[in-house]
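# Residue-level structure breakdown
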Amino acid sequence: MTAPDATSALVPGPWQHRDISANGVRLHAAEAGEGPLVLLVHGYPQFWWAWRHQLVALAEAGYRAVAVDLRGYGGSDKPPRGYDLPTLSADVAAVVRALGEPDAVVVGHDWGGLVGWTMAALHPRTVRGLVVLSSAHPRELRSGMADAAQRRASRYALRYQLPRLPERRLTRADDDPVAELLRRWAGPGWVHTADFADAVARYRDAARIPQAAYGAMEFHRWAFRSQLRPDGLRYARRMAAPVTAPTLQLHGALDPCVLPRTAEGSGRYVAGAYEWRELAGIGHFPHEETPDLVSEAIATWAR
C-alpha cells in the first residue's frame, strides 16, 4: 500500500489552504471567512480537518476562522524536534502574528487545548479569549495523575514511550489502530454515523503521511519524559501564571481519556472570566460529536 503524502491533508471545501511561516517552521492551515480571528488547534490523532464544521459555522457568524496543523501533523513541517509545549505554543503564537493580527480567540482540543492553556500563560498578549475542549490545564493534568482512574485513562501513552514501535503500529496496513482509538474515546451517538466513518478514513490517512506518526508520538514522549526533568519542572512552574483571558471550558461527560473530574478544577488557574460546561452524552470529541452546539458556544464566547 502506498502511503499518503502531505497533499492528502489538503481536503477541498469552503475554505482556502495556505502555508504560514512561524517560529522557524512552515505550518499548513485552512481559512474561511472574514472578521475577528478565531484560531482552531486540533488534538491527537487528528489534523486541521477536525474543525471542518466550525470553519464553516464561524465564517457564517462573521469570524475569520483558521484551523492550523500543528508541527508534525497533516500538511505542516515534520522536523525531528520541537514537540514540547513551550515550542508548540510559540509556533501558534507566531501564527497569530503571521496572519497580521495582534491576538485571537484560541480554540484548542486535546493537545490543542494544552497548547491553548500554554499560550494563554506564556504568550498572553496573543490570546484575546480561550476555549478549551477535552483538555485539563497542564498543572491540573499533572496533579490528576495521583488519581488511579486518570492513570488508567492515560495508560495508552505509556506504550508510546517505546522507540519506533508505536509509529509502526499506528501506520500498519493490516490493522486499524486509529479507528480503534476513535471508537474507544468517542461518545455513543457519533460512532455509528457516516460522519464518524469519514473521520476514521481521514485520520487514518493523515497518520500514514511520512513522519506524521513520529511527530504524534513525540508529543506524548515529551509530556511523559519531562515530568522530572529540569525542562518539565521549569514548564510546570511557568504554568502557575494565571490566565487572564476569558476562558470557556467544554468537556464531554463521557470522556474516557481526560476524565471530567480531572479537568474540572482547571478554573483555579484562570483569573479572568471563566465558565465550565459539561456536555451530557458526549465523549472526547465534542466539536465532531455535537458540532452545532460547539460552534455556537465558540461564536458566543468570541463575542
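Structural notes, computed from the coordinates. (Residues numbered from 1 in each chain as written. Predicted model: local features only at pLDDT ≥ 70, side-chain atom pairs only at ≥ 80, totals over all residues. Heavy atoms only, no water.)

### Some points on the overall build of the protein chain
When helices and strands are tallied, the protein chain shows 14 helices and eight strands. With the C-alpha coordinates aligned to their principal axes, the bounding extent of the protein chain is approximately 50 × 45 × 40 Å. Relative to its 303 residues, the protein chain shows a buried fraction of 58%. Long-range contacts, defined as pairs at least 24 residues apart, comprise 75% of the intrachain contacts of the protein chain with a sequence gap of at least 6. Taken as a whole, the protein chain presents about 12200 Å² of accessible surface, with 54% of it coming from carbon and sulfur. Placing the 35 positive and 32 negative side-chain charges of the protein chain at their respective mean positions leaves the two points 8 Å apart. (Helix = DSSP H or I, 4+ residues; strand = E, 2+ residues; numbered from the N terminus. Buried < 20%, exposed > 50% of the residue type's maximum accessible area, 1.4 Å probe, protein only. Contact = heavy atoms within 4.5 Å. Areas by Shrake-Rupley, 256 points an atom, 1.4 Å probe, with all protein chains shown as cover. Lys, Arg positive; Asp, Glu negative; His and termini not counted. Charge placed at Lys NZ, Arg CZ, Asp CG, Glu CD.)

### Focus: the packing of helix α1 (residues 52-60) against helix α14 (residues 291-302)
When two helices pack together, their arrangement is captured by the angle between the axes and the distance separating the axes. Viewed as axis vectors pointing N to C, α1 and α14 meet at an angle of 45 degrees, and their least axial separation amounts to 9 Å. Here α14 runs oblique to α1, going by the angle between their axes. Considering how the two elements wind past one another, α1 and α14 form a crossing that is right-handed. Between α1 and α14, the contacting residues are His-53, Gln-54, Ala-57 and Leu-58 on the first element and Pro-291, Val-294, Ser-295, Ile-298 and Ala-299 on the second. (Axes fitted to C-alpha atoms, helices over the stretch in contact; angles between N-to-C directions. Parallel < 35°, antiparallel > 145°, perpendicular 65-115°, else oblique. Left-handed = near helix turned anticlockwise from the far one by under 90°.)

### Quick notes on the environment of Trp-49
Along the chain, Trp-49 turns up in the loop between β3 (37-41) and α1. According to the relative accessible area criterion, Trp-49 is buried, its value standing at 4%. Non-local contacts of Trp-49, meaning those with residues more than four positions away in its chain, are made with Val-11, Asp-198, Ala-199, Arg-202 and Tyr-203.

### Structural notes on the pattern of salt bridges
Opposite charge on two side chains lets them pair, provided their charged atoms get close. The tally for this structure, following the rule as stated, stands at 19 salt bridges. Of the charged contacts, one joins Asp-176 and Arg-204 as a salt bridge, the two residues approaching to 2.6 Å between their closest N and O atoms. With a gap of 28 residues between them, Asp-176 in the loop between α7 (165-171) and α8 (177-185) and Arg-204 in helix α9 (residues 194-207) connect regions that are remote in the sequence. Salt-bridge contacts for Glu-275 lead to Arg-277; the nearest nitrogen and oxygen are separated by 2.8 Å. Among the residues examined, Glu-275 registers a relative accessible area of 30% and is labelled partly exposed. Salt bridges linked by common partners bring Arg-18, Glu-31, Arg-64 and Glu-101 together as one network. (Salt bridge = Lys/Arg side-chain N within 4 Å of Asp/Glu carboxyl O.)

### Describing the pairing of β3
With five of its five residues buried, β3 lies for the most part within the structure. Across the two faces of β3 the burial is the same, with Leu-37, Leu-39 and Val-41 and Val-38 and Leu-40 all buried. In this sheet, strand β4 (residues 64-68) lies alongside β3 in parallel orientation, the contact comprising five bridges. Counted as the bridge partner of Leu-37 is Arg-64 from β4. Handedness of the β-α-β unit built from β3, α1 and β4 comes out right-handed. Sheet topology note: the β3/strand β5 (residues 104-109) ladder contains four bridges and is parallel. Bridged to Val-41 within β5 is Gly-108. (Pairing = 2+ DSSP bridges. Right-handed = clockwise from strand over helix to strand, strands pointing away.)

### A look at empty space enclosed by the protein
Here the structure, examined in full by the defined rule, presents one cavity of 30 Å³ or more. In this structure, the largest cavity encloses a volume near 80 Å³. Along its surface, the largest cavity is lined by 13 residues, and Pro-45, Gln-46, Tyr-73, Ala-206 and Ala-207 are the ones closest to its centre. Contributions of two or more residues to the lining of the largest cavity are made by α9 and α10 (212-225). Of the residues that constitute the lining of the largest cavity, the class distribution is 11 nonpolar, two polar and no charged. (1 Å grid on protein atoms, 1.4 Å probe; cavity = no way out; pocket = protein on both sides within 12 Å on 5 of 7 lines; lining within 4 Å. Points joined across faces, edges and corners; volume = space filled by probe spheres on them. Nonpolar A, V, L, I, M, F, W, Y, C, P; charged D, E, K, R; others polar.)

### Considering the packing of α8 against α9
Interhelical geometry of α8 versus α9 gives an angle of 135 degrees and a closest axis separation of 9 Å. With respect to their mutual orientation, α8 and α9 come out oblique. Our pair here, α8 against α9, has a crossing hand that is right-handed. Contact residues: α8 offers Val-178, Ala-179, Leu-182 and Arg-183, while α9 offers Phe-196, Val-200, Tyr-203, Arg-204 and Ala-207. Tallied by class, residues from the contact of α8 with α9 come to seven nonpolar, no polar and two charged.

### Focus on the side chain of Ser-154
Along the chain, Ser-154 falls in the loop between α5 (148-153) and α6 (156-159). Residue Ser-154 is classed as buried on the basis of its relative accessible area, which comes to 16%. Residues within four places of Ser-154 in sequence aside, it is in contact with Met-145 and Cys-257.

### Considering a positive patch on the surface
Side chains of Arg-151, Arg-152, Arg-155 and Arg-159 sit close together on the surface and give a patch of like positive charge. Within the secondary structure, Arg-159 sits in helix α6. (Patch = residues over 30% accessible without salt bridge, like charges linked within 9 Å, V, L, I, M, F, W, Y side chains within 5 Å.)

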